Amino acid sequence: MNIDKRQGKRMRRYNVAVVGVGAVGEEMLRVLCQRNFPISQLRVFARSSREIVVDNHKYSVHKISPDNFEDIDIALFAGTEGEKGAAVTYAPEAVKRGAVVIDNGADFRLKEGVPLVVPEVNPQDVKKHKGIIANPNCSTIQFVVALWPIYQAAGIKRVIACSYQAVSGAGHGGVKQLENEYKEEGLLARAFTYRISKNIIPQIGGFGKADYTSEEWKMVHETHKIMHDKKIKISATCVRVPVITGHCEAVYLETKKNITVKRVRDILSKSLGVKVIDQPEQSKYPLPIDVAGTDEVFIGRIRKDPFVKNGLWLWIVADNLRKGAALNAVQIAETLCATSS
Ligand SMILES: NC(=O)c1ccc[n+]([C@@H]2O[C@H](COP(=O)([O-])OP(=O)(O)OC[C@H]3O[C@@H](n4cnc5c(N)ncnc54)[C@H](OP(=O)(O)O)[C@@H]3O)[C@@H](O)[C@H]2O)c1
């Protein structure tokens, strides 16, 4: 870690590693640069070495190895998940060498002692880390950013969520499959079980308990951990749609206390990281095509259930590669720096 004394101020600068240069890793490099993250030295790793260009900046990508993490302060992981994936193999090596790991994958999210953080909701949990902090799943992040202000104002009893998730949520492979199908080039890259152009697929991840998919269970368990409330009843259906970037969620919730639509709009409009676009008379609501490349969680179609007193609908849209992954990870790093300086 270096101290920069320019402009008479002491400013810490950090040695940062980015692991993986797929859909999320590239966005991570873009976000670090856009937010002027205080970097002393940046190292970029993947399975193979090469040069890449992101927004006219050239980056040398090095083949990953444990010793590459020597002197790294913060390691942002955006590699593959699973037993032989980047995080399981190299995150402990990075921690052993003194780095704090912020991991985008699912491997550590529900582990005891690993904070799962969305800075708009539970920034204080960052302090509890023992070397690894987990970034939640993309569909969970926008979900909790929208639910949290309502939960604080009126409590939440139960939630029913249907997600419409973009192909970039499955990485570069997902985008390639859709593009190839549009070009009628056949299934050169097969990220999904079925064709995705001219189609939607009601399965993200493998099927598990009670015939819900892993993606659907992530929304349940991760929300409970982030909001520190296991009593909220959550049931989800996650669907892949032929959109490049921008996850949408139609969310029905039942609050504990009655709350008016006006109050929900007011609260959400003043909430961190949220933008309300909700003018039904002018057909104005958030669309994935408009939110791609932006940082906020957009909310519209706010309306009461005509039959259930405390029932409320929301339409929630966010860029899955930015707030759903890279941006949230960099915001965790910023929170970490702020708490340790
Ligand atoms: N896409 C999303 O919206 C999203 C949202 C939230 C979380 N995530 C999570 O973020 C992570 C990255 O996702 P992605 O969408 O960016 O995937 P991706 O486009 O498939 O890219 C994966 C990257 O990881 C690198 N990699 C794979 N195995 C590695 C290893 N053992 N060591 C070092 N690097 C390795 C690959 O290296 P090569 O390029 O050399 O092959 C590639 O650059 C995943 O855990 C994913 O679940 C993704």
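Peer 1: What exactly am I supposed to notice about the overall build of the protein here?
Peer 2: In terms of helices and strands, the protein carries 8 helices and 14 strands. Relative to the 2.2 N^0.38 estimate, which gives 20 Å for 341 residues, the radius of gyration of the protein is 20 Å and therefore close to what a compact globule would have. Contacts in the protein between residues at least 24 apart in sequence constitute 67% of all its contacts with a sequence separation of at least 6.

Peer 1: Is there a simple way to think about the environment of Ala87 in this case?
Peer 2: With respect to the secondary-structure elements, Ala87 resides in helix α2 (residues 86-96). Judged by C-beta crowding, with 26 C-beta atoms within 10 Å, Ala87 ranks as buried. Along the backbone, Ala87 and Ile232 are 145 residues apart, and their C-alpha atoms lie at a distance of 30 Å. If near-sequence neighbours (up to four positions away) are discounted, Ala87 is found in contact with Phe77, Gly79, Glu81, Asp103, Gly105, Asp107 and Phe108.

Peer 1: I'm lost on the domain arrangement of the protein in this one. Help?
Peer 2: By a frequent convention, interface size equals the accessible area lost on bringing the separate parts together. When the domains of the protein are assigned, the result is domain 1 (2-136 + 325-340) and domain 2 (139-320). On a C-alpha basis, the centres of domain 1 and domain 2 stand 25 Å from each other. Counting residues at the interface gives 14 residues for domain 1 and 19 residues for domain 2. With 3 residues, the single largest contributor to the side of domain 1 that touches domain 2 is helix α8 (residues 322-340). Looking at the side of domain 1 that touches domain 2 residue by residue, the classes come out as 9 nonpolar, 3 polar and 2 charged.

Peer 1: Sorry if this is basic, but what is going on with unusual backbone geometry here?
Peer 2: Comment: phi is negative for the bulk of residues other than glycine, and the bulk of peptide bonds are trans. Phi at Asp55 is positive, roughly 50 degrees, even though this residue is not glycine. Tracing the backbone through its elements, the reader meets Asp55 in the loop between β4 (50-54) and β5 (57-63).

Peer 1: Teacher, can you tell me more about α2 here?
Peer 2: Side chains that are three or four residues apart share a direction in an α-helix, a result of its 3.6 residues per turn. For α2, the set of buried residues is Ala86, Ala87, Tyr90, Ala91 and Ala94. For α2, the arc enclosing every buried residue in end-on projection is 115 degrees, short of the 170-degree limit, so these residues lie on one face. On the buried face of α2, the contacting elements are β2 (11-19), β6 (74-77), β7 (100-103) and β8 (132-134).

Peer 1: Could you clarify how one ought to interpret the site of the ligand in this entry?
Peer 2: In the vicinity of the ligand lie 32 residues, with Gly20, Gly22, Ala46, Gly105 and Gly171 positioned nearest. Those elements giving two or more residues to the shell around the ligand turn out to be α1 (23-34), β3 (39-46), α2, α4 (172-182) and α8. Considering each element in turn, the shell around the ligand owes the most residues, 3 residues, to α1. For the shell around the ligand, the residue count by class is 12 nonpolar, 18 polar and 2 charged.

Peer 1: Explanation requested: the pairing of strand β14 (residues 311-318) in the structure shown.
Peer 2: In summary, the side chains of a regular strand alternate between the two faces of the sheet. The element β14 is largely enclosed, with a buried count of 6 among its 8 residues. When strand β11 (residues 247-255) meets β14, the two strands line up antiparallel, connected through 8 bridges. In the strand pairing of β14, Val251 is matched with Leu314. If you look at the hairpin formed by strand β13 (residues 297-304) and β14, you'll find 6 residues sitting between the two strands.

Peer 1: Looking at this model, I keep getting lost on the packing of α1 against α8. Mind explaining?
Peer 2: What describes two packed helices is the angle between their axes and the distance between those same axes. Direction vectors running N to C along α1 and α8 enclose 50 degrees, while the axes themselves pass 9 Å from each other. As summarised for this structure, α1 and α8 are arranged oblique, according to the angle between their axes. For the pair α1 and α8, the crossing hand works out as right-handed. In this structure, α1 contributes Val24, Glu27, Met28, Val31 and Leu32 to the contact, and α8 contributes Arg322, Ala325, Ala326, Leu327, Ala329 and Val330.

Peer 1: How do you make sense of the nonpolar core when you look at a structure like this?
Peer 2: It is characteristic of soluble globular proteins that their nonpolar side chains tend to be buried jointly. Counting 97 residues, the largest nonpolar core has Val19, Met28, Ala75, Leu76, Phe77, Ile102 and Ile299 as the members making the most contacts within it. Sort the elements by how many residues they give to this core and helix α3 (residues 138-154) lands first, with 11 residues. Shared between two domains, this core holds at least three residues of each, these being domain 1 (2-136 + 325-340) and domain 2 (139-320).

Peer 1: How do you make sense of the sheet that holds β14 when you look at a structure like this?
Peer 2: The strands that make up a sheet pair up through hydrogen bonds in the backbone, lying either parallel or antiparallel. If you trace the 6 strands from one edge of the open sheet to the other, you get β10-β9-β11-β14-β13-β12, paired in mixed fashion. The open sheet terminates on both sides in strands that have one partner only, identified here as β10 (233-240) and β12 (274-276). Ignoring which end each strand starts from, the neighbouring axes of this sheet average 20 degrees apart. Across 8 bridges, strand β9 (residues 156-165) lies against β11 in antiparallel orientation. Bridged to Ala161 within β11 is Val251. On top of the sheet, helix α6 (residues 261-269) reaches β12, β13 and β14; it is set at about 170 degrees to β13, its chief contact.

Peer 1: Help me understand the environment of Glu120, please; the structure alone is not making it clear to me.
Peer 2: Within the fold, Glu120 resides in the loop between β7 and β8. Look at Glu120 and you get buried, because 20 C-beta atoms sit within 10 Å. For the pair Glu120 and Leu272, spaced 152 residues apart in the sequence, the C-alpha separation amounts to 6.0 Å.

Peer 1: Explain the packing of α3 against helix α5 (residues 214-227) to me, please; I cannot follow it from the model alone.
Peer 2: Two numbers describe how α3 lies on α5: the axes approach to 10 Å, and their chain directions differ by 45 degrees. Classified by the interaxial angle, the pair formed by α3 and α5 is oblique. The crossing of α3 and α5 is right-handed. Contacts between α3 and α5 pair Ser139, Thr140, Phe143, Val144, Trp148 and Tyr151 from the former with Glu215, Lys218, Met219, Glu222, Thr223, Ile226 and Met227 from the latter. In the contact of α3 with α5, the residues fall into 7 nonpolar, 3 polar and 3 charged.

About the thresholds
Residues numbered from 1 in each chain as written. Predicted model: local features only at pLDDT ≥ 70, side-chain atom pairs only at ≥ 80, totals over all residues. Helix = DSSP H or I, 4+ residues; strand = E, 2+ residues; numbered from the N terminus. Rg over C-alpha atoms; globule rule 2.2 N^0.38 Å. Contact = placed C-beta atoms within 7 Å. Buried ≥ 20, exposed ≤ 12 C-beta atoms within 10 Å, placed from the backbone. Domains from an automatic or database assignment. Nonpolar A, V, L, I, M, F, W, Y, C, P; charged D, E, K, R; others polar. Arc of directions from axis to C-beta. Near = placed C-beta within 6 Å. Pairing = 2+ DSSP bridges. Axes fitted to C-alpha atoms, helices over the stretch in contact; angles between N-to-C directions. Parallel < 35°, antiparallel > 145°, perpendicular 65-115°, else oblique. Left-handed = near helix turned anticlockwise from the far one by under 90°. Core = buried A, V, L, I, M, F, W, Y, C linked by C-beta atoms within 7 Å.

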